[in-house]
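Fold and geometry: a report
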Amino acid sequence: MRTKEFLSKLEHDRIVQAIREAESKTSGEIRVFVQRGKLDVDPLIAAKKKFHRLGMHKAPERNAILIFVAPRAHKFAVVGDKAIHEKCGEQFWQRLVEGMRQHFRNEKFSRALVEAIEEAGKALASHFPKRSTSSGKLSDEIGES
């Protein structure tokens, strides 16, 4: 699927609202990034590179999560920084990805992202609750390049 078509099918406001709602309960950060064009590497490798390019590894508590989607390649990946990955374990990430995969197969793109954001937000809130000094520094908008 062409990236432009994928982006046109997304409910941007609903996704941004889900990010804001999830982040309101945690010191963690959640980002959604859509890769334009071809993807020549494994999506997990691309997602990890994008995670670093976006500066997400600089979150003080190492609790940022990136949902990376490459629609043209029909691939996606979810990357959690060190602290949140250690707290949640591999099964959490596998469940999150499998849930997204089912919705993507049925072309329920916004639902896939919103549910993943909600689940990631619950995990972040559980392990990294919001503190009065917490402040989101990353954009809640869907990134793309």
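Just above sits the structure.
Residues numbered from 1 in each chain as written. Predicted model: local features only at pLDDT ≥ 70, side-chain atom pairs only at ≥ 80, totals over all residues. Heavy atoms only, no water.

Attention shifts here to the overall build of the protein chain. Within the protein chain one finds 5 helices and 4 strands. Along the chain direction, N to C, the helices and strands of the protein chain fall in the order α-α-β-α-β-β-α-α-β. Compactness check: the protein chain gives a C-alpha radius of gyration of 14 Å against a globular reference of 15 Å for 145 residues, within 12% of the reference. Its C-alpha atoms give the protein chain principal-axis dimensions of about 40 × 30 × 25 Å. When each of the 145 residues of the protein chain is scored for burial, the buried share is 48%. (Helix = DSSP H or I, 4+ residues; strand = E, 2+ residues; numbered from the N terminus. Rg over C-alpha atoms; globule rule 2.2 N^0.38 Å. Buried < 20%, exposed > 50% of the residue type's maximum accessible area, 1.4 Å probe, protein only.)

It is worth spelling out the sheet that holds strand β1 (residues 29-34) at this point. Taken together, the 4 strands give an open sheet; going across it, the order is β3-β2-β1-β4, and neighbouring strands pair in mixed fashion. Sheet topology places β3 (75-80) and β4 (143-144) at the edges, where each strand pairs with a single neighbour. On the sheet, helix α4 (residues 82-105) packs against β2 (64-70) and β3 and is oriented at approximately 160 degrees with respect to β3. (Pairing = 2+ DSSP bridges. Contact = heavy atoms within 4.5 Å. Axes fitted to C-alpha atoms, helices over the stretch in contact; angles between N-to-C directions.)

All right, on to α4 then. Its 24 residues place the ends of α4 only 29 Å apart at the C-alpha level, less than the 34 Å of an ideal helix rising 1.5 Å per residue. Of all the bends in α4, the greatest, near 95 degrees, is centred on G89. Looking only at α4, the buried set comprises A83, I84, C88, F92, W93, L96, V97, M100, H103 and F104. Buried residues along α4 sit in contact with α1 (3-9), β2, β3 and α5 (109-127). Phi turns positive one or two residues past the end of α4, at E107, with a value near 55 degrees. (Expected span 1.5 Å × (residues − 1). Bend = angle between axes of the 7 residues up to and from the residue.)

What follows covers the packing of helix α2 (residues 12-23) against α5. Running from N to C, α2 and α5 point in directions that differ by 5 degrees, and their axes come no closer than 9 Å. By the angle class used here, α2 and α5 are roughly parallel. In contact with R14, I15, A18, I19 and A22 of α2, α5 contributes S110, R111, L113, V114, I117 and G121. When the residues that make up the contact of α2 with α5 are grouped by side-chain class, the tally is 7 nonpolar, 2 polar and 2 charged. (Parallel < 35°, antiparallel > 145°, perpendicular 65-115°, else oblique. Nonpolar A, V, L, I, M, F, W, Y, C, P; charged D, E, K, R; others polar.)

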